[in-house]
There are 2 protein chains.
Amino acid sequence: MTRVLVTGATGFVGRHLLPLLVERGHEVHAVARTVPAEASDEIRWHAADLLERRAADDLIAAVAATHLVHLAWYAEHGRFWHAPENLDWVAAGIALVRGFRVAGGERVVVAGTCAEYDWTGDCCDPETPLRPATLYGIAKNALREVLDGYAGAGGPQTVWGRIFHLYGPGEQPTRVVASVARALVASESVGVSAGDQIRDFLHVEDVASAFAVLLDSDATGALDVGSGSGVAVRDVLERLQSLAGQSGLLRFGEAPRRDEPGRIVADPGPLQALGWKPAIELDAGLQRTLDWWREALPANPGT
Amino acid sequence: MTRVLVTGATGFVGRHLLPLLVERGHEVHAVARTVPAEASDEIRWHAADLLERRAADDLIAAVAATHLVHLAWYAEHGRFWHAPENLDWVAAGIALVRGFRVAGGERVVVAGTCAEYDWTGDCCDPETPLRPATLYGIAKNALREVLDGYAGAGGPQTVWGRIFHLYGPGEQPTRVVASVARALVASESVGVSAGDQIRDFLHVEDVASAFAVLLDSDATGALDVGSGSGVAVRDVLERLQSLAGQSGLLRFGEAPRRDEPGRIVADPGPLQALGWKPAIELDAGLQRTLDWWREALPANPGT
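Residues numbered from 1 in each chain as written. Chains lettered and ligands numbered in written order. Predicted model: local features only at pLDDT ≥ 70, side-chain atom pairs only at ≥ 80, totals over all residues. Heavy atoms only, no water.

Undergrad: Please provide a residue-by-residue account of the overall build of chain A, values included.
TA: The helix and strand inventory of chain A stands at nine helices and 14 strands. For 303 residues, the compact-globule estimate of 2.2 N^0.38 gives 19 Å, and chain A sits close to it at 19 Å. Residues classed as buried in chain A amount to 56% of the 303 residues present. Contacts spanning at least 24 positions in sequence make up 77% of the contacts within chain A whose residues lie at least 6 apart. Total accessible area on chain A is roughly 12400 Å²; 48% of this is exposed by carbon and sulfur atoms. Both charge centroids of chain A, one from 27 positive and one from 39 negative side chains, sit 2 Å from each other. (Helix = DSSP H or I, 4+ residues; strand = E, 2+ residues; numbered from the N terminus. Rg over C-alpha atoms; globule rule 2.2 N^0.38 Å. Buried < 20%, exposed > 50% of the residue type's maximum accessible area, 1.4 Å probe, protein only. Contact = heavy atoms within 4.5 Å. Areas by Shrake-Rupley, 256 points an atom, 1.4 Å probe, with all protein chains shown as cover. Lys, Arg positive; Asp, Glu negative; His and termini not counted. Charge placed at Lys NZ, Arg CZ, Asp CG, Glu CD.)

Undergrad: Quick rundown of unusual backbone geometry? Include the residues and the values.
TA: That bond from Cys123 of chain A to Cys124 of chain A is cis: its omega, 10°, falls within 30 degrees of zero. Of note in the backbone geometry, Ala64 of chain B takes a positive phi value of approximately 50° without being a glycine. Mapped onto the elements, Ala64 of chain B comes out in the loop between helix 2 (53-63) and strand 4 (67-70).

Undergrad: Before we move on, can you summarise helix 5 (residues 176-185) of chain B with the specific residues and values?
TA: Residues and elements named next belong to chain B. Counting buried positions over the 10 residues of helix 5 gives seven, a clear majority of the element. For helix 5, the set of buried residues is Val177, Ala178, Val180, Ala181, Arg182, Ala183 and Leu184. Where helix 5 is buried, its residues contact strand 7 (165-167), strand 8 (190-191), strand 10 (201-203), helix 7 (233-243), strand 13 (250-251) and helix 9 (282-296). Just beyond helix 5, the residue with positive phi is Ser187, at close to 55°.

Undergrad: Can you break down the state of the cysteines residue by residue, with the values?
TA: All names here are of chain A. Evaluated as defined, the whole model comprises two disulfides over all chains. Bridging Cys123 to Cys124, the disulfide has an S-S length of 1.6 Å. Given an S-S torsion of about 65°, the disulfide between Cys123 and Cys124 has right-handed geometry. Residue Cys123 is classed as buried on the basis of its relative accessible area, which comes to 4%. (Disulfide = S-S within 2.5 Å.)

Undergrad: Report on the packing of aromatic side chains, specifying residues and quantitative values.
TA: Evaluation of the coordinates by the stated rule reveals 17 aromatic pairs over all chains. Seen from their ring centres, Tyr117 of chain B and Phe164 of chain B are 6.4 Å apart, and the 50° between their planes marks the pair as tilted. Of this pair, Tyr117 of chain B sits in the loop between strand 5 (107-113) and helix 4 (135-151) while Phe164 of chain B sits in the loop between strand 6 (157-163) and strand 7, and the two are 47 residues apart along the sequence. Ring pairing ties together the aromatic residues Trp73, Phe80, Trp81, Trp89, Trp119 and Tyr136 of chain A, which thus form one cluster. Here Arg162 of chain A stacks its cationic end above the ring of Tyr117 of chain A, 4.8 Å away from the centre of that ring. Over the aromatic face of Phe252 of chain B sits the side chain of Arg234 of chain B, whose NZ or CZ is 4.0 Å from the ring centroid. (Phe/Tyr/Trp six-rings, centres within 6.5 Å; stacked < 30°, edge-to-face > 60°. Lys NZ or Arg CZ within 6 Å of the ring centre and 35° of its normal.)

Undergrad: Which residues make up the pairing of strand 2 (residues 27-32) of chain B, and what values do they have?
TA: Residue and element names in this part refer to chain B. Within strand 2, six of the six residues are buried, leaving the element largely enclosed by the surrounding structure. With burial as the criterion, each face of strand 2 is covered, one bearing Glu27, His29 and Val31 and the other bearing Val28, Ala30 and Ala32. Two strands pair when backbone bridges link them, and strand 1 (residues 3-7) and strand 2 are joined in this way by five bridges, in the parallel orientation. Its bridge partner lying in strand 2, Leu5 is registered against His29. (Pairing = 2+ DSSP bridges.)

Undergrad: An account of the sheet that holds strand 1 of chain B is needed here, citing residue identities and associated values.
TA: Either a parallel or an antiparallel arrangement is found when strands of a sheet pair, and the pairing is made through backbone hydrogen bonds. Residues and elements named next belong to chain B. Spatially, the seven strands line up as an open sheet ordered 3-2-1-4-5-6-11, and their pairing is parallel. Each of the sheet's edge strands pairs with one partner strand only, and the pair in question is strand 3 (43-47) and strand 11 (221-225). Ignoring which end each strand starts from, the neighbouring axes of this sheet average 20° apart. With seven bridges joining them, strand 5 and strand 6 adopt parallel strand pairing. Directly across from Ala111, in strand 6, lies its bridge partner Gly161. (Axes fitted to C-alpha atoms, helices over the stretch in contact; angles between N-to-C directions.)

Undergrad: Give me the lowdown on the relation of the copies chain B and chain A, citing residues and values where you can.
TA: When chain B is fitted to chain A, the residual RMSD is 0.0 Å, and the transformation amounts to a turn of 180° plus an axial shift of 0.0 Å. Given the turn and translation reported, the copies of this chain are related as if by a two-fold rotation axis. Minimal C-alpha distance to the rotation axis in chain B is attained by Ala91 of chain B, lying at 2.1 Å. Mapped onto chain A, 100% of the interface residues of chain B are again interface residues, and the two copies thus contact each other with one and the same surface. (Least-squares fit on C-alpha atoms with pLDDT ≥ 70 in both.)

Undergrad: Describe in detail the side chain of Asn141 of chain A, supporting the description with residues and values.
TA: Assignment of secondary structure puts Asn141 of chain A in helix 4 (residues 135-151). A residue is classified by how much of its surface remains accessible, and Asn141 of chain A, at 3% relative accessible area, is buried. Reaching out from Asn141 of chain A, the side chain makes a polar contact with the side chain of Arg144 of chain A at a distance of 2.8 Å. Other than its neighbours up to four places away in sequence, Asn141 of chain A contacts Glu116, Leu130 and Pro132 of chain A together with Glu145 of chain B. (Polar contact = N/O pair within 3.5 Å; in protein donor to acceptor, adjacent residues only side chain to side chain.)

Treat this as a map of the structure, not an account of what it does.
Below you can see the structure in the form of C-alpha cells.
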C-alpha cells in the first residue's frame, strides 16, 4: 500500500483528486493551510503552511509518505503571473521534495504548467522550446529542472504534468469560464475578449484523473495534461450561453486579451499512452459548471 | 555609500573579494558559518548558516544591505557535482534574495558556473546553449533563471558571473592545481590525467576583481568570468613543475579524466567591456601558488 501526501489538497485540482486516490486504494494524507470543516474521514488531513519551513519539515517527517503529489502553489488570479510569491514556492517545493526523500519517499508527481513553454509562437508540440515569459512559468520550469536533476542524482522518481486550461465546478470566479458561467446563471451581461484565441480546455475532474494515472504509472520526466483539442474561447463561451438557455449576454471584444499566443493546445499522446483519457466532453463539462453555479450562486451573490 | 553583504565570505573567492570591496569604499558585511579568528576590523562579520532559514532571515533583515554578493554554495570536492545539497542552496539562494529585496536591497551579484553550459561539445561561445549535465550546473542555472525572472518582476537588479577554472593560493588541496603544487613543493611524485583538455585558468584574485567590477557596474544578466585564453592542463602542470624547480614528478595519464569536453574557455568580452582585465599572468599566478604552498606546507603535512 502506498501512502500519498497531497499538497494543495483544498485547491481546484486537489479536491477532485483526493477521492480518486482513495478509490485507487491509496492511504491519502492531505495538507492545506486550513483543513475543510466537512472533511471526509477517508482522508487524513494535516493543517500546515508549506511556506513555514519548520512546520513543513515536521509534517513531511511525520507522515513519511511513499508518494507525493505536489499541487500547492501561489494562485491569486491576476497576480500570480508576476508575483514574487512564485519564488517562495520554488524554494518550498525544493525543501518539500528533499524532506520527502530524506523520510524515505519514492515517487513524486508535480503540477507544472503550459506557461513553461515558449509562447512567442503557437504552442505546443514536441519541438516547442521551454522558454517561459512569466515569473510563474519561469519558477515552475526552474523547479522542474531541479527536481529532474535530483531524480538523476539519488532523488525520488519524478513526473511532471503540465496543466493547460482547466475549468469546471468550483473554479475561482475571476477566471473566464467561471466568471461567464456565473454571469449567465445570474442573467447578467458580461464583457469578454474577442475570443479568437484557441485553447485546450480540460475539465478539472479529467485533470485530477490524469494526476491519479501519473501517480500510479512509472512515467518520469514531463508531459502535457490536456485534451489535445483546440477550441476558440469564443466558441466555448457561446456554447456556455446556449447551454444556459441565454442569448445576447456576452459582449465580445470588450475585455482585453492577454499578450499570449493564438493557439495553446496540449499534446496528450504521452499521457494517453499511460491509459488516461478524458471522461467529460466539453458540453457536459460546461453543463456541470453551470449546474454548480446555479447551486452556488444564492450563497455567493455578486462574487 | 553602499552596504554590501558578502556570502561565502571565507570561501576561496570571498576572502580575496573582501579587501577589494573595502578599497572601493563599500561598507562590507561578511557572512560565514564561522567567523575567522583573525578578522580584519574593516569587515563587519556575521556568523550564520544560510541553510538555517530563520537565522538567515534575521541576518538579512538586520544588515539591510543595499548590495549583495552571493558566493556561498556547497563545494565539497568530488561530491558537489551530484550532491543533493545543491538543492538546498537553490532554496537558500531564493530565500536570501527575497529577504534582501524585502529589506530594501537593490543589486545582487551571484557566482554562477561554466557548468551551466552544454558540455556535449566544446564550450563556450555566445551560441552555446545552457544545458547543464550535472546537478550542480542544473541547480545554479535554475537559480539564475529564477533570479533573472524576479529581476524583471520587481526584484533587485541581478548580474550573474559564470566562473570558469580558477586556481591560486588557498585553493582546496584536492583540486588539480593545488594538489600538484603541494606535491611539487613536497618533492612528491603525483599521478594526473593525460592533460590534453583545454581549460581557461584564472587566478582567484582576478576572479575576485571581476566580482568587484560586476558589483560596481550596472550590468545585468549573465556573463563569463574567465581569461579567454585556453591552455592544455598538461602545459599548466608542466609549467608548475618547471617553476617549482622540479622535473619528472608528474605521472601523466595515470588519473582518469572526467567526462567533460575537450575545450572549456570563457568569452570574457562582456566583462572586459565593463573595464575588467586580469592582472595576474598564468606564470606569475602559478608562482604565487607555489610560494603559498611553501609557506603552508610545514603546517599542513600530507594534506
